[in-house]
Amino acid sequence: KMIAYCGLDIGGFYSDWTYPMSKIQNYLKVQFPDFEAEWSRKIKPILDVMGNVQARYNYQHLLTPGQKSTLAILLDELVMELNSHGDE
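Here the residue index of a chain counts from 1 through its sequence in written order. The predicted nature of this model means local features are confined to residues of pLDDT at least 70 and side-chain atom pairs, given and counted, to a pLDDT of 80 or more, with totals for whole chains, interfaces and linings taken over all residues. Water and hydrogen atoms play no part in the side-chain values, which are based on all heavy atoms of the structure.

A. Quick peek at the overall build of the chain. Secondary structure is summarised from DSSP: a helix means a run of H or I of at least four residues, a strand means a run of E of at least two, and numbering begins at the N terminus for each. Helix and strand counts for the chain come out as four helices and zero strands. For the chain, the sequential pattern of α-helices and β-strands runs α-α-α-α. Among the 88 residues that make up the chain, the fraction classed as buried is 31%. For accessible areas, the Shrake-Rupley method is used with a probe of radius 1.4 Å. Any residue's cover is judged against the shown protein chains and nothing else. With the model as given, the accessible surface of the chain reaches about 5700 Å², and the carbon-plus-sulfur share is 54%. Between buried and exposed lies partly exposed: a residue is buried under 20% and exposed over 50% of the maximum accessible area for its type, with that area taken using a 1.4 Å probe on protein chains only.

B. Representation of the confidence of the model for the chain. Confidence per residue, as judged by the predictor, is encoded in pLDDT with a range of 0 to 100. With 81% of its residues at a pLDDT of 70 or more, the chain has an overall mean of 84. When the elements of the chain are averaged for pLDDT, helix α3 (residues 55-61) gives the smallest value, 87, and helix α2 (residues 33-50) the largest, 94.

C. Representation of unusual backbone geometry. Even without being glycine, Q54 reaches a positive phi, approximately 55°. With respect to the secondary-structure elements, Q54 resides in the loop between α2 and α3.

D. Region of the structure containing the packing of α2 against helix α4 (residues 65-84). For the pair α2 and α4, the least separation of the axes is 10 Å and the interaxial angle reads 145°. Between α2 and α4 the crossing geometry is left-handed. For the pair formed by α2 and α4, the contact residues are F35, W39, K42, I43, I46, V49 and M50 on the first element and Q67, T70, L71, L74, L75, E77, L78 and E81 on the second. Taken together, the residues of the contact of α2 with α4 break down into 10 nonpolar, two polar and three charged. Inter-axis angles, ranging from 0 to 180 degrees, are taken between N-to-C directions of lines fitted to C-alpha atoms, where helices are fitted over the stretch in contact. Crossing handedness is defined as follows: a turn of the near helix away from the far one that is anticlockwise and smaller than a right angle gives a left-handed crossing, while the clockwise case is right-handed. Residue contacts follow a heavy-atom distance rule, with two residues in contact if any of their heavy atoms lie within 4.5 Å. Three categories are distinguished: nonpolar for Ala, Val, Leu, Ile, Met, Phe, Trp, Tyr, Cys and Pro, charged for Asp, Glu, Lys and Arg, and polar for the others, with Gly belonging to the last.

E. Representation of the packing of aromatic side chains in the model. Pairing of aromatic side chains requires ring centres within 6.5 Å, counting the rings of Phe and Tyr and the six-membered ring of Trp. Pairs whose planes differ by under 30 degrees are stacked, by over 60 edge-to-face, and all others tilted. If you walk through the whole model with that rule in mind, you get two aromatic pairs. Judged by centre distance (6.3 Å) and plane angle (70°), the ring pair of Y27 and F32 falls under edge-to-face. Take Y27 and F32: they sit in the same class, and that class is buried. With a centroid separation of 6.3 Å and an interplanar angle of 20°, the aromatic rings of F35 and W39 are classed as stacked.

F. View of the pattern of salt bridges. What makes a salt bridge here is a side-chain nitrogen of Lys or Arg within 4 Å of a carboxyl oxygen of Asp or Glu, nothing more. Throughout the structure, instances matching the rule amount to two salt bridges. Of the charged contacts, one joins R41 and E38 as a salt bridge, the two residues approaching to 2.5 Å between their closest N and O atoms. A residue pair is termed a helical-turn pair when its members lie 3 or 4 positions apart in one helix, as R41 and E38 do in helix α2 at three residues. Overall, the relative accessible area of 52% leaves R41 in the exposed class. A salt bridge links D48 to K44, with the nearest nitrogen and oxygen atoms 2.8 Å apart. Linking D48 with K44, this pair stays in helix α2, spanning four residues, or about one helical turn.

Here it is in structure tokens:
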């Protein structure tokens, strides 16, 4: 069973990214374990900075420009991975 949509609201709907990210990571662990292991390793330091409260504030004020770029790239890689399996 494939996910038809995957999204996160950096703008602030979630003050805690822990729950939505755990749902995405749990899905990846089942469907794409090799991708999940590497992707989760890369995104963990960013999620640690964002914390589990005030994710919007932490994104705006605590992440470095490099971390913001890395986050964007990782989310794009996630979408590309899911799209690449869309016909399976």
